[in-house]
Amino acid sequence: MSDDTTSQDALPAVPPSWENEGHRLFRFASADGKAVAWLCPEIGGDTIAYAVKVGGEWVHVLAIGTPAEVTDAPSRYGLPLLFPFPGHMRDRQYQWNGQTITVPPTVPGIDAVTHGFAHVRPWRLTRHAETGASAEFRTPDDLDAEQAASYPFTVRLTQDLDLTEAGDLLVRLTAVNEGDAPAPVAFGLHPYFGEGVLGPDRTQVHVDLPGASARVRTGERAPYMTGEREPAPPNPVSIVAMGETMATGRTDFQEGGDTAVIRDLRPIDGRAGWTVEVFMNGFSDLLFFAPPWQNSISIEPQSHMPGCASLPEGHPEGLVALAPGASLEAVCRIRLVAPEGSTSVS
């Protein structure tokens, strides 16, 4: 199967490097055939790739890993899902109902818990249509025995993915407490934006981050938040070079949703001035992250403060109980925007 997604008129069958791969991908496309995405339920319910056709080029908005890379590090490519503990967890422990609960490592080969379980466990496909797909993840049924013992709450998380008529990728997350006891529930998204839009040098890119406040961090390497706020520094944010890392948190968004904007993208179709917009509604926080290991950046909308599980029980920024029968919902929209004065991305 050809991997030429830069000049063909037909929709690409698979993302680059995924030809003849054993993992099953579910493709969906916008009604006009000018945007396409692939969902892989068995690898953490990850949206492996999302591309928009501009002129004769398929522009990959999300960072694409090879099948081996995504399998080995599912939180580093595409659009990983974070649940039920977005962010880092100090000492692999959280407090709930007066108890200290230890969580098994979620990062292969590292004694750490990062972003919970959903990105390292298989999901179930519940809908596959021409323009969208849905998948769900349920605890404790979809956890292994050790994970289930550390999170014995009955919670169903659903993701609904759709490509709009404009070619935007729309993601809706819904968590429902189906148990009979309050459950600590938080979720988030971890979209990586790679060289398909950034170009070969991410330091040329700048980002406008929403939020009136910045999260105060501890001095540790991991982006632990203290729960305190300070006024957000002015935009735009400059990006560190490859080999370096940065992480900064934002909160206190506008009512009705807010938008992060990635600016100064590489020229596309011979035109400069392209941007990527990440709109979020229903999320309280955003973590901006530039990893040292790849030429990408990540804009992570989260329902609660990143690393909220690390705070003591009862802390106002710590874990929050979702009542039996209650739900938590949020929406994120990712859009490739043409330069000002252009009528569309095509």
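What you are looking at is a predicted structure, and each value in this text was computed from that prediction instead of being measured.

Chemist: Teacher, can you tell me more about the state of the cysteines here?
Modeler: Enumeration according to the criterion identifies zero disulfides in this entry. Here C40 is not disulfide-linked; the sulfur of C332 is the nearest cysteine sulfur, at 20 Å. No disulfide involves C332; its nearest neighbouring cysteine sulfur is the one of C308, lying 18 Å away. C332 gets classed as buried once you look at its relative accessible area, which sits at 1%.

Chemist: Even after reading the chapter, I still don't get the sheet that holds strand β23 (residues 275–281), so can you show me in this structure?
Modeler: What holds strands together in a sheet is hydrogen bonding between their backbones, with the strands either parallel or antiparallel. Taken in spatial order, the nine strands of this open sheet run β10-β11-β12-β13-β27-β23-β22-β17-β20, and their pairing is antiparallel. Where the open sheet ends on each side, the last strands, each with one partner, are β10 (124–128) and β20 (237–238). As paired strands, strand β13 (residues 169–177) and strand β27 (residues 327–337) are joined by eight bridges and run antiparallel to one another. What sits directly across from V176, in β27, is S327.

Chemist: Before we go on, may I ask you to explain the packing of aromatic side chains in this structure?
Modeler: We describe a pair of aromatic rings using the distance from one ring centre to the other and the angle between the two ring planes. Taken as a whole and assessed by the stated rule, the structure comprises ten aromatic pairs. Where F85 meets Y151, the ring centres are 5.7 Å apart and the plane angle is 85°; that geometry is what we call edge-to-face. Here F85 is found in the loop between β5 (81–82) and β6 (88–89), whereas its partner Y151 is found in the loop between α2 (145–150) and β12 (155–163), with 66 residues between them in sequence. On the basis of relative accessibility, which here comes to 2%, the residue F85 falls in the buried class. In textbook terms, an aromatic cluster arises when at least three aromatic residues are bridged by ring pairs, as seen for F83, F85, Y94, W96, F117, W123, F137, Y151 and F153. Of note, R76 hangs over the ring of W293, and the distance from its end group to the ring centre comes to 3.7 Å. The ring of Y224 is capped by R90, whose NZ or CZ atom sits 4.2 Å from the centre of that ring.

Chemist: Whenever I open this one, the nonpolar core confuses me. Can you help?
Modeler: Soluble globular proteins tend to bury their nonpolar side chains together. Core analysis: the biggest nonpolar cluster contains 85 residues, and Y94, Y151, F193 and L336 have the highest contact counts within it. If one sorts the elements of this core by residue count, strand β24 (residues 285–290) sits on top with five residues. Setting aside anything within four residues of it in sequence, one finds Y94 in contact with F85, M89, Q99, T100, I101, V103, S150, Y151, F153, P184, A309 and L319. The next biggest cluster of nonpolar side chains, apart from the first, holds 14 residues, and it includes I43, W58, V70 and Y77.

Chemist: Would you mind showing me how to read the sheet that holds strand β3 (residues 46–54) here?
Modeler: Read across the sheet, four strands follow the order β1-β2-β3-β4 without closing on themselves; strand pairing throughout is antiparallel. Each of the sheet's edge strands pairs with one partner strand only, and the pair in question is β1 (26–29) and β4 (57–60). In this sheet, adjacent strand axes meet at a mean angle of 25° when their direction is disregarded. Bridge count for β3 against β4 is four bridges, and the pairing is antiparallel. When the bridges of β4 are listed, V54 appears paired with E57.

Chemist: Help me understand the environment of P234 in this model?
Modeler: Within the secondary structure, P234 is located in the loop between β19 (225–231) and β20. Since its relative accessible area comes to 70%, P234 is described here as exposed.

Chemist: What am I meant to see in unusual backbone geometry here?
Modeler: For residues besides glycine, phi is generally negative; the peptide bonds are generally trans as well. The omega torsion across F83 and P84 is -5°, close enough to zero to call that bond cis. Along the polypeptide, P84 turns up in the loop between β5 and β6. Of note, the amide linkage connecting T139 to P140 takes the cis form, showing an omega dihedral of 0°. Take P140: it is sitting in the loop between β11 (132–139) and α2.

Chemist: How should the pattern of salt bridges be read in this particular structure?
Modeler: Side-chain pairs of opposite charge can arise where the charged atoms are in close proximity. Overall, the coordinates contain 18 salt bridges when judged by the stated rule. Of the charged contacts in the structure, one is a salt bridge between E329 and R172, with a shortest N-O distance of 3.0 Å. With E329 in strand β27 and R172 in strand β13, this pair connects stretches of sequence that are 157 residues apart. Judged by its relative accessible area of 43%, E329 falls in the partly exposed class. Judged by relative accessible area, R172 falls into the partly exposed class, the value being 32%. Between R229 and E317 there is a salt bridge whose closest N-O contact spans 2.6 Å. In this pair, R229 sits in strand β19 while E317 sits in the loop between β25 (297–302) and β26 (321–322), placing the two residues 88 residues apart along the sequence. Residue classification places E317 among the buried positions, given a relative accessible area of 15%. Here the salt bridges do not stand alone but share partners, grouping R215, R229, D252, D285 and E317 into one network.

Procedures and definitions
- Residues numbered from 1 in each chain as written.
- Predicted model: local features only at pLDDT ≥ 70, side-chain atom pairs only at ≥ 80, totals over all residues.
- Heavy atoms only, no water.
- Disulfide = S-S within 2.5 Å.
- Buried < 20%, exposed > 50% of the residue type's maximum accessible area, 1.4 Å probe, protein only.
- Pairing = 2+ DSSP bridges.
- Helix = DSSP H or I, 4+ residues; strand = E, 2+ residues; numbered from the N terminus.
- Phe/Tyr/Trp six-rings, centres within 6.5 Å; stacked < 30°, edge-to-face > 60°.
- Lys NZ or Arg CZ within 6 Å of the ring centre and 35° of its normal.
- Core = buried A, V, L, I, M, F, W, Y, C linked by side-chain atoms within 4.5 Å.
- Contact = heavy atoms within 4.5 Å.
- Axes fitted to C-alpha atoms, helices over the stretch in contact; angles between N-to-C directions.
- Salt bridge = Lys/Arg side-chain N within 4 Å of Asp/Glu carboxyl O.

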